[in-house]
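Coordinates in review
Residue strings, one per chain:
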Amino acid sequence: GSYFAFHYVNNQTGYYTVAVFGVDSRDGNVDVGALADVNMIVNIDRGGGEIQLVSVYRDMYSMIDEEGNFHKFNQAYVKGGPSGALKALNRNLDLNITDYITVNWKAVIDAINILGGVDLEVTEDEFKYINSFITETVEETGIGSFQLEHAGMNHLDGVQAVAYARLRLMDTDFNRTERQRKVVSLAFEKAKHANFATLYSILTAVLPQTSTNVGIDDLIPFAKDISKYHLSQTAGFPFEKDTKKIHKRDYVIPLTLRTNVIALHEMLYGKTEGYTYTPSELLNTISNTIVEDSGMGGEKEITEISVDENLNEAIGVRSEG
């Protein structure tokens, strides 16, 4: 974990990939039993300074444990805590991520408040629900805030931004993960213009509230070099998907897992010289099981990944490749 990160930080080249989990815990619990609402892969190209964010849909039909049980992806966190979730991420996406950070909503609120909030457009539909989420978030965290007065452009403090990221009643989990990526993206843009003292105070305020195997010394170099980095792509995974009820539960079904994972590896690591990726035997097995259980098969190559275009435009993300 840490040695790996440190080694990367010093080399200044190659990719550093970290899993970020966000848990909806009323009591600050970041371990087994917590519900992971945010399951994100953050991929950092140390050389080129590009950062990619990929959210895994929490309802994705997944092999959540070594025993071969299938359930919603976020059940892996409930059952196995961060290490179980990390293993599930690696197992279902054929990745080899060693570093993770789990945050609760209070940590995110603190970070956004230190940055001075974010500005974003709240739709009429979102406005109908956001105030009840603001109230709930204030009650849970004890951090003060106030309700929004109108839809449209709003300056959101930490509580309001988190309430926005938690909205889920008026549309789908796909939209919800997009709102989460939007908040992360806007906070990142703010962080790029902050001074090192501000970023350092975020690290010292937030890290003690997380469960992580990454140390502050691993993160300081990123904070020092933050102006070198930019968000290049943000997307939800699986890219090609459908929804289906299996055993009375609503699932997101990748069409197929295999082709989605091939496209994901291409997106994350395809720019590397001599890059090749062949799905593992386990990944092929998981993919075939999902086809059997869901009755949804049909391999087709995924050539175009739909990144969050409107989101990327809104925050001036450079879409490359």
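Each residue is numbered by its place in its chain's sequence as written, counting from 1. It should be noted that, the model being predicted, local features are given only for residues of pLDDT at least 70 and side-chain atom pairs only at 80 or more, the latter also being counted only at that level, while totals for whole chains, interfaces and linings use all residues. Side-chain descriptors were evaluated using all non-hydrogen atoms of the structure, hydrogens and water having been removed beforehand.

A word on the sheet that holds strand E9 (residues 211–212)
Adjacent strands of a sheet form backbone hydrogen bonds with each other and so pair up, either parallel or antiparallel. Strands were regarded as paired on the criterion that DSSP finds at least two bridges between them. Numbering of helices and strands runs from the N terminus, with a helix taken as a DSSP run of H or I at least four residues long and a strand as a DSSP run of E at least two residues long. With mixed pairing, the six strands of this open sheet are ordered in space as E9-E6-E1-E2-E3-E10. Edge strands, defined here as strands with exactly one partner in the open sheet, are E9 and strand E10 (230–237). In terms of strand pairing, strand E1 (residues 15–23) meets strand E2 (residues 36–45) through nine bridges, oriented antiparallel. In the sheet register, Ala19 faces E2, and the bridge partner there is Ile41. The criterion used for residue contact is that any of the two residues' heavy atoms lie within 4.5 Å. Lines are fitted to the C-alpha atoms to define the axes, a helix being fitted only along its stretch in contact, and any angle between axes, read from their N-to-C directions, falls within 0 to 180 degrees. Each of E1, E2 and strand E6 (99–104) is contacted by helix H3 (residues 105–115), which is oriented at about 85 degrees to E6, the strand it contacts most. With respect to the sheet, helix H9 (residues 257–269) is in contact with E1, E2, strand E3 (50–56) and E10, its orientation differing from that of E10 by roughly 175 degrees.

A word on the environment of Ile290
Structurally, the position occupied by Ile290 is in helix H10 (residues 281–294). Counting along the chain gives 36 residues from Ile290 to Pro254, while the straight-line C-alpha distance between them is 8.1 Å.

Notes on the packing of helix H4 (residues 124–141) against helix H5 (residues 158–166)
For the pair H4 and H5, the least separation of the axes is 8 Å and the interaxial angle reads 120 degrees. Judged by the inter-axis angle, H4 sits oblique to H5. The interaxial crossing formed by H4 with H5 has right-handed handedness. In this structure, H4 uses Glu126, Ile130, Phe133, Ile134, Glu136, Thr137, Val138 and Glu140 to contact H5, whose residues at the interface are Val159, Gln160, Val162, Ala163, Tyr164 and Arg166. Residues of the contact of H4 with H5, tallied by class, amount to eight nonpolar, two polar and four charged. Roughly parallel means an angle under 35 degrees; roughly antiparallel, over 145; roughly perpendicular, 65 to 115; everything else is oblique. Take the far helix as your reference; a near helix turned counterclockwise from it by less than a right angle gives a left-handed crossing, and one turned clockwise gives a right-handed crossing. Residue polarity follows a fixed list, in which Ala, Val, Leu, Ile, Met, Phe, Trp, Tyr, Cys and Pro are nonpolar, Asp, Glu, Lys and Arg are charged, and the others, Gly among them, are polar.

With respect to the confidence of the model for the protein chain
Per residue, pLDDT captures the predictor's confidence, and it can take any value from 0 to 100. Per-residue pLDDT for the protein chain has a mean of 89; in total, 91% of the residues score no lower than 70. Mean pLDDT across the elements of the protein chain ranges from a minimum in helix H1 (residues 2–11), with 47, to a maximum in strand E8 (residues 152–156), with 98. This model gives residues 1–10 a pLDDT under 50, and the stretch forms 23 contacts once residues within four places in sequence are excluded. Throughout residues 317–321 the model reports pLDDT below 50, and contacts reaching past four residues in sequence, or to other chains, amount to 15 contacts.

Side note on the pairing of E6
Within a regular beta strand, the side chains point alternately toward one face of the sheet and then the other, so they alternate between its two faces. Among the six residues that make up E6, six are buried, leaving the element largely enclosed by the rest of the structure. Partly exposed describes any residue whose relative accessible area lies between the buried limit of under 20% and the exposed limit of over 50%, with all areas from a 1.4 Å probe on protein chains only and scaled to the type maximum. Burial along E6 is two-sided: the face carrying Asp99, Ile101 and Val103 and the face carrying Tyr100, Thr102 and Asn104 are both buried. The sheet contact formed by E6 and E9 spans two bridges and is antiparallel. When the sheet's bridge partners are listed, Ile101 is paired in E9 with Thr212.

A short note on the side chain of Asp24
Summarising the element assignment, Asp24 is placed in the loop between E1 and E2. In this structure the side chain of Asp24 is engaged in a polar contact, spanning 3.0 Å, whose partner is the side chain of Arg166. Non-local contacts of Asp24, meaning those with residues more than four positions away in its chain, are made with Leu35, Asp37, Trp105, Glu140 and Arg166. Pairs of N or O atoms within 3.5 Å make up the polar contacts considered here, provided that, within protein, one atom can donate a hydrogen while the other can accept it, and that residues adjacent in sequence are counted only when both atoms are side-chain atoms.

A closer look at the pattern of salt bridges
When a carboxyl oxygen of Asp or Glu is within 4 Å of a side-chain nitrogen of Lys or Arg, the pair counts as a salt bridge. As enumerated under the stated definition, the model contains twelve salt bridges in all. Between Asp24 and Arg166 there is a salt bridge, with the nearest N and O atoms lying 3.0 Å from each other. In this pair, Asp24 is assigned in the loop between E1 and E2 and Arg166 in helix H5, connecting sequence segments 142 residues apart. Like Arg166, Asp24 is buried. The partner of Lys271 in a salt bridge is Glu50, and the shortest N-O contact between them spans 3.8 Å. Here Glu50 lies in strand E3 and Lys271 lies in the loop between H9 and H10, a separation of 221 residues in the sequence. Exposure remark for Lys271: the relative accessible area of 54% places this residue in the exposed category. Judged by its relative accessible area of 11%, Glu50 falls in the buried class. Overlapping salt bridges, with partners in common, bring together Asp24, Glu136, Glu140 and Arg166 in one network.

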